[in-house]
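Chain residues, written in single-letter form:
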Amino acid sequence: MKHTLSVMVENEPGVLSRVAGLFSGRGFNIESLNVAPTLEKGVSLMTIVAHGDESIIEQIVKQLRKLVPVITVKDFTEIKAVEREMVLLKVNAEDSKRAEILRITDIFRCKVVDVSIDELTIECTGDSGKIKAIVNLLSRFGIKEIARTGNVALKRAMQID
Amino acid sequence: MELTGAQILLKCLEEEGVDVVFGFPGGAVIDIYDAIPNSSIEHILVRHEQGAIHAADGYARATGKAGVCLVTSGPGATNTVTGIATAYMDSIPVVIFTGQVPTPLIGNDAFQEVDIVGITRSCTKHNYLVQDVRDLARTVKQAFYLARTGRPGPVLVDLPKDVVNQKCTFDYPESISLRSYNPHLKPHIGQIRKVAGLIRNAERPLIYSGGGVISSKSHEELRWLAREMKIPVTSTLMGLGAYPGDDEELWLGMLGMHGTYSANMAVHNCDLLLAVGARFDDRVTGKISEFAPYATIVHIDVDPTSIQKNVSVHVPLVADCKSALSALQKELKAVKDEVNWQRKHEQWLEQIAEWGRLHPLNYIDDEEKIKPQYVVEKIYEITKGDAIVCTEVGQNQMWAAQFYKVKEPNTFLTSGGLGTMGYGFPAAMGAQRAFPDKLVVNIAGDGSIQMNIQEMMTVVCNKLPVKIVILNNGYLGMVRQWQELFYKKNYCSTCMEAQPDFVRLAEAYGAAGYRITEKKDVEKVLREAFAVDKPVIVDVRVAQEENVYPMVPAGASLTEMLLV
């Protein structure tokens with residue numbers, strides 16, 4: 001099962017490779033990893049999406065906590081969270097297709113961030129399902145390039161079922 | 001007053017109570033070496049950096065203190081990697097200082113540059129590259145703190161040459177607190193009560209103790225629990241000595257692949273298994289799905305990652321073994337006299353004794369050939385079990401573990417997790433430095449002793465009278481045993497056809513050398529060798545194709561033992 005882990009780390013040299021090395025060294029699967037500084041100086045937040053059964057995820061969480069520069073680890077599978085990722089898609093867009101592409105972009109509340117004679121670059125934000133859907137829909141026009149962030153996530157303020 | 005980084009480093013070591021450093025100099029650490037004579041630190045010059053790290057490890061295991069190793073950049077640093085991994089697998093507190101090229105050159109493939117922090121990231125508890133002399137003292141303090149606390153382990157500090165030369169005022173932090181590092185030491189009292197309840201109700205309890213009991217110095221608490229509640233004890237290789245090996249009533253010997261019949265049968269049949277400071281290694285459990293099938297398993301360990309890693313346990317208890325066992329003791333003291341434990345466990349203990357009688361730890365002795373087990377028994381008799389014994393890895397190690405009845409913690413030093421051939425001799429060197437007046441014996445094989453034989457010069461030069469007993473069977477015996485049993489005797493590359501003359505080798509280094517070829521000479525010559533006041537090699541020509549039994553084939557259940 002897929003788990004989104006939110007990992008607060010001391011932003012010191014080598015911390016990324018400690019985390020990445022833990023996954024590769026112990027044979028854990030990592031789907032995406034996103035790192036960026038937080039508001040607190042010297043602290044970064046990593047959002048890791050990993051696969052595995054319960055016992056593997058338990059080991060991943062424990063092993064992450066064991067790393068000295070790791071401050072906290074939260075598993076957002078047990079907590080309600082907002083999760084988003086972003087994708088940039090460069091799509092073939094000759095005149096005949098352009099209107100249809102723009103309509104899809106509109107439905108998905110995406111933004112066109114770059115235009116040329118026969119291409120559109122579209123920015124789309126959403127959870128992984130939405131990203132999958134738009135990639136799917138636009139692929140028939142021919143996606144020339146794709147750049148995706150990993151997942152980022154925050155705990156929801158109200159934990160309502 | 002401002003001090004150089006080198007001076008600061010040595011001051012830090014003094015503050016940490018370090019009296020000896022094992023090392024080897026080089027360009028990147030020459031400034032540190034320049035400052036050593038003006039400090040109280042003794043430096044022992046090894047002949048290879050692997051010797052330095054194992055010696056620091058042996059020193060740490062024998063004393064329970066942190067061992068320290070100092071080497072130069074590049075090859076000096078990479079030569080310590082095996083030793084670092086050895087210490088990491090066995091949770092031994094060692095602090096390694098490596099030289100590094102000057103910071104402006106880092107990343108330029110400079111002479112003798114390696115990214116040792118990158119290389120050792122997965123085999124250290126933590127490691128540091130110090131980039132500013134003002135961070136040095138705090139980093140060293142943290143390194144020792146991390147190495148010693150929680151689940152101990154090796155910590156490496158990489159010191160660029162320019163940092164060591166920069167100056168700043170020396171201010172040693174009194175204490176350290178890291179918000180991201182808080183070892184869980186105190187046990188959960190609810191869990192403790194649960195365990196106490198389980199002990200009260202168990203009919204067939206068994207203690208399975210590991211290296212954690214030794215590193216947390218909780219052998220007294222463990223002994224109390226076993227003796228007062230009449231609970232039999234088995235142990236991992238790493239845990240030998242926590243419970244006295246000469247206690248015939250409750251001690252079952254080691255468990256696992258080369259464990260005793262009674263220990264493995266007891267694990268299989270117990271209804272309560274108390275795992276204390278052990279981590280359910282595959283060499284211990286055999287086939288996981290058939291491990292302790294009837295038992296409620298309690299697992300006490302300071303490292304949460306050890307719990308539920310290999311075996312799913314019923315009562316996890318994350319805590320330092322000492323505080324957990326003390327809390328358990330407190331809880332049990334209240335009810336201790338309500339139960340006649342001897343009577344409660346009589347049937348169980350009788351069953352265990354029966355297994356012991358059925359298949360005791362044994363070997364078929366020979367009139368003429370010297371059996372390696374016989375040699376280990378003689379070492380035990382002569383030393384009365386009071387020596388510090390180190391082992392290499394392989395058959396020598398298993399025979400030592402089986403036939404030398406380790407009585408006290410910190411007196412049996414062996415590479416358990418990593419299984420590092422070449423560990424025993426330099427570790428013995430470190431232990432001998434820590435205890436100059438104690439008899440330190442390295443039980444070796446003819447294969448592994450050659451992996452760090454160069455340290456003969458170090459022990460001779462530093463008057464460390466380590467006694468090396470080579471169980472010389474002319475084979476890489478453990479691999480040969482596997483080839484015999486599972487590979488149709490295809491003895492590929494395990495026969496040591498060509499060997500040095502170990503006696504003359506010892507003499508060439510200025511040590512004493514003995515050879516034993518006749519069984520009748522074993523005791524006499526060993527006694528003589530142990531009485532010599534300098535390093536000794538005793539080359540004992542033992543039966544060549546002797547196997548270690550019992551043996552649980554890899555992947556088999558603990559009850560499927562091959563016996564003598």
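Residues numbered from 1 in each chain as written. Chains lettered and ligands numbered in written order. Predicted model: local features only at pLDDT ≥ 70, side-chain atom pairs only at ≥ 80, totals over all residues. Heavy atoms only, no water.

(A) View of the overall build of chain A. For chain A, the helix and strand inventory stands at four helices and nine strands. Principal-axis analysis of the C-alpha atoms gives chain A an extent of 55 × 40 × 30 Å. Scored against the burial criterion, the 161 residues of chain A give a buried share of 41%. For chain A, the share of sequence-separated contacts (at least 6 apart) that also reach a separation of at least 24 residues comes to 73%. Working note: accessible area of chain A is about 8900 Å², and carbon and sulfur atoms make up 55% of it. Taken together, the 23 basic and 22 acidic charged side chains of chain A have centroids lying 2 Å from each other. (Helix = DSSP H or I, 4+ residues; strand = E, 2+ residues; numbered from the N terminus. Buried < 20%, exposed > 50% of the residue type's maximum accessible area, 1.4 Å probe, protein only. Contact = heavy atoms within 4.5 Å. Areas by Shrake-Rupley, 256 points an atom, 1.4 Å probe, with all protein chains shown as cover. Lys, Arg positive; Asp, Glu negative; His and termini not counted. Charge placed at Lys NZ, Arg CZ, Asp CG, Glu CD.)

(B) Region of the structure containing the environment of Val152 of chain A. Residue and element names in this part refer to chain A. Residue position: Val152 is located in strand 9 (residues 152-155). Residue Val152 is classed as partly exposed on the basis of its relative accessible area of 36%. The spatial distance from the C-alpha of Val152 to the C-alpha of Arg84 is 5.5 Å, given a sequence separation of 68 residues. Setting aside residues no more than four positions away along its own chain, Val152 makes contact with Asn34, Thr47, Val82, Glu83 and Arg84.

(C) Spatial organisation of the packing of aromatic side chains. All names here are of chain B. As enumerated under the stated definition, the model contains twelve aromatic pairs over all chains in all. Ring plane angle 20° and centroid distance 6.4 Å describe the contact between Tyr243 and Trp251, whose orientation is recorded as stacked. The pair formed by Tyr243 and Trp251 is uniform in burial state, with each residue classed as buried. A centroid spacing of 5.8 Å and a plane angle of 80° characterise the contact between Trp482 and Phe486, whose relative ring orientation is edge-to-face. (Phe/Tyr/Trp six-rings, centres within 6.5 Å; stacked < 30°, edge-to-face > 60°.)

(D) Up close: the interface of chain B and chain A. With 18 residues of chain B in contact, the opposing surface of chain A contributes 19 residues. Of the roughly 1500 Å² buried between chain B and chain A on both sides combined, carbon and sulfur atoms contribute 45%. Contact with chain A buries area across many residues of chain B, yet Arg121, Arg179 and Ser180 of chain B alone supply 41% of it, more than any other trio. Counting the contacts that link chain B with chain A gives three salt bridges. Lys66 of chain A is paired through a salt bridge with Asp303 of chain B; the nearest N and O atoms lie 2.7 Å apart. Summed over the shared surface of chain B and chain A, the result is ten residue pairs in polar contact (both at pLDDT 80 or more). (Buried area = accessible area lost by both parts, 1.4 Å probe. Salt bridge = Lys/Arg side-chain N within 4 Å of Asp/Glu carboxyl O. Polar contact = N/O pair within 3.5 Å; in protein donor to acceptor, adjacent residues only side chain to side chain.)

(E) Main features of the sheet that holds strand 3 (residues 42-45) of chain B. Residue and element names in this part refer to chain B. If you walk across this open sheet you meet the six strands as 3-2-4-5-7-6, and the pairing is parallel. With partners counted over all chains shown, the strands left at the sheet margins are strand 3 and strand 6 (126-129), one partner each. Direction aside, neighbouring strands of the sheet carry axes that sit 20° apart on average. Here five bridges tie strand 4 (residues 67-71) to strand 5 (residues 94-100), and the two strands are oriented parallel to one another. Counterpart to Cys69 in the pairing with strand 5 is Ile96. (Pairing = 2+ DSSP bridges. Axes fitted to C-alpha atoms, helices over the stretch in contact; angles between N-to-C directions.)

(F) Up close: empty space enclosed by the protein. Residue and element names in this part refer to chain B. Going through the model one piece at a time under the given rule, you end up with one cavity of 30 Å³ or more. Empty space within the largest cavity amounts to approximately 30 Å³. Around the largest cavity sit Leu9, Leu13, Val21, Val68, Leu70 and Phe97, which together line it. Sorting the residues of the lining of the largest cavity by element identifies helix 1 (5-15) and strand 4 as the ones contributing at least two each. Of the residues belonging to the lining of the largest cavity, the class tally is six nonpolar, no polar and no charged. (1 Å grid on protein atoms, 1.4 Å probe; cavity = no way out; pocket = protein on both sides within 12 Å on 5 of 7 lines; lining within 4 Å. Points joined across faces, edges and corners; volume = space filled by probe spheres on them. Nonpolar A, V, L, I, M, F, W, Y, C, P; charged D, E, K, R; others polar.)

(G) Up close: the packing of helix 9 (residues 189-201) of chain B against helix 14 (residues 321-333) of chain B. Residue and element names in this part refer to chain B. Interaxial distance between helix 9 and helix 14 falls to 9 Å at its minimum, and their mutual angle equals 60°. With respect to their mutual orientation, helix 9 and helix 14 come out oblique. Judged by the sense of rotation from one axis to the other, the crossing of helix 9 with helix 14 is right-handed. Between helix 9 and helix 14, the residues in contact are Ile189, Ile192, Arg193, Val195, Ala196 and Ile199 and Ala324, Ala327, Leu328, Glu331 and Leu332, respectively. (Parallel < 35°, antiparallel > 145°, perpendicular 65-115°, else oblique. Left-handed = near helix turned anticlockwise from the far one by under 90°.)

(H) Just the sheet that holds strand 20 (residues 536-541) of chain B, in detail. Residue and element names in this part refer to chain B. Pairing is parallel across the open sheet formed by six strands, whose spatial order is 16-15-17-18-20-19. The two strands at the open ends of the sheet, each matched to only one other strand, are strand 16 (412-413) and strand 19 (512-516). Sheet topology note: the strand 15 (residues 388-391)/strand 17 (residues 440-445) ladder contains four bridges and is parallel. Bridged to Val389 within strand 17 is Val441. Where helix 22 (residues 502-509) meets the sheet, its contacts fall on strand 18 (467-472), strand 19 and strand 20, and the angle it forms with strand 19 comes to roughly 170°.

(I) Structural detail: the environment of Ile30 of chain A. Residues and elements named next belong to chain A. With respect to the helices, strands and loops of the structure, Ile30 is situated in strand 2 (residues 29-37). Ile30 sits 66 residues away from Ser96 along the chain, and the two C-alpha atoms are 40 Å apart. With sequence-adjacent residues up to four places away left out, Ile30 is seen in contact with Phe23, Ile48 and Val49.

(J) Representation of the packing of helix 1 of chain B against helix 7 (residues 133-148) of chain B in the model. All names here are of chain B. For the pair helix 1 and helix 7, the least separation of the axes is 10 Å and the interaxial angle reads 25°. When the axes of helix 1 and helix 7 are compared, the pair comes out roughly parallel. Seen along the crossing, helix 1 lies across helix 7 with a hand that is right-handed. On the side of helix 1, the interface is formed by Gly5, Ile8, Leu9, Cys12 and Leu13, while helix 7 contributes Val133, Leu136, Ala137, Val140 and Phe144. Split into classes, the residues belonging to the contact of helix 1 with helix 7 amount to nine nonpolar, one polar and no charged.

(K) Layout of helix 18 (residues 395-403) of chain B. Summarising burial for helix 18 of chain B: nine of the nine residues are buried, a large majority. All buried positions along helix 18 of chain B are accounted for by Gln395, Asn396, Gln397, Met398, Trp399, Ala400, Ala401, Gln402 and Phe403 of chain B.

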